[in-house]
Amino acid sequence: MSAETKVWRSKIAPTCRGAIFRAKRWFYATFYSKNADPELKEKSRENWARLARQLVEKSNERGVSDKAARIIIYYTDERGVFNPIRAEIEVYELKQVDKIEITEF
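Residues numbered from 1 in each chain as written. Predicted model: local features only at pLDDT ≥ 70, side-chain atom pairs only at ≥ 80, totals over all residues. Heavy atoms only, no water.

Draft legend 1. Quick look at unusual backbone geometry. In this structure, R79 takes a positive phi of about 55° despite not being glycine. Looking at the element boundaries, R79 is found in the loop between β2 (68–76) and β3 (83–92). Residue classification places R79 among the exposed positions, given a relative accessible area of 71%. (Helix = DSSP H or I, 4+ residues; strand = E, 2+ residues; numbered from the N terminus. Buried < 20%, exposed > 50% of the residue type's maximum accessible area, 1.4 Å probe, protein only.)

The structure is reproduced here in structure tokens:
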């Protein structure tokens, strides 16, 4: 029997590094509670560390660590253990669309 696949999406962050930081905060708030089994916490942490390392490496390879981004993580949590299936980094380019000048008050 396979566990249900869950999805977590970050808000769009000003930088890819910021989006990864938001993902880190989500992970520890969700899977690293004080009353969790230490063995399961450690397994989840190892899985998170592998995923975070990949996110950082891929964003640096592509040179998008300073661009706006959103992280999407697909995962399962069988018995409370975080098991990432895949992750996506959506990269955005922020640019000015229009300028409205107001001179009369």
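Additional details are given in the paragraphs that follow.
Draft legend 2. Quick peek at helix α2 (residues 38–62). A rise of 1.5 Å per residue sets the reference length of α2, with its 25 residues, at 36 Å; its end C-alpha atoms lie 36 Å apart and thus fit the reference within 8%. Taken together, the buried positions of α2 are occupied by L40, K41, S44, N47, W48, L51, A52, L55 and S59. If you follow the buried residues of α2, they end up packed against α1 (16–31), β2 and β3. G63 occupies a position one or two residues after α2 and carries a positive phi of about 70°. (Expected span 1.5 Å × (residues − 1). Contact = heavy atoms within 4.5 Å.)

Draft legend 3. How the structure looks around the pairing of β2. The buried count for β2 comes to 8 of 9 residues, which makes it a mostly enclosed element. Here strand β1 (residues 6–9) runs beside β2; their pairing, made up of 4 bridges, is antiparallel. Looking at β2, one finds that V7 is bridged to Y74. Pairing between β2 and β3: 9 bridges, direction antiparallel. Along β3, the bridge assignment pairs A68 with Y92. Counting the residues between successive antiparallel strands, the hairpin from β2 to β3 contains 6 residues, one of them, R79, with a positive phi of roughly 55°. (Pairing = 2+ DSSP bridges.)

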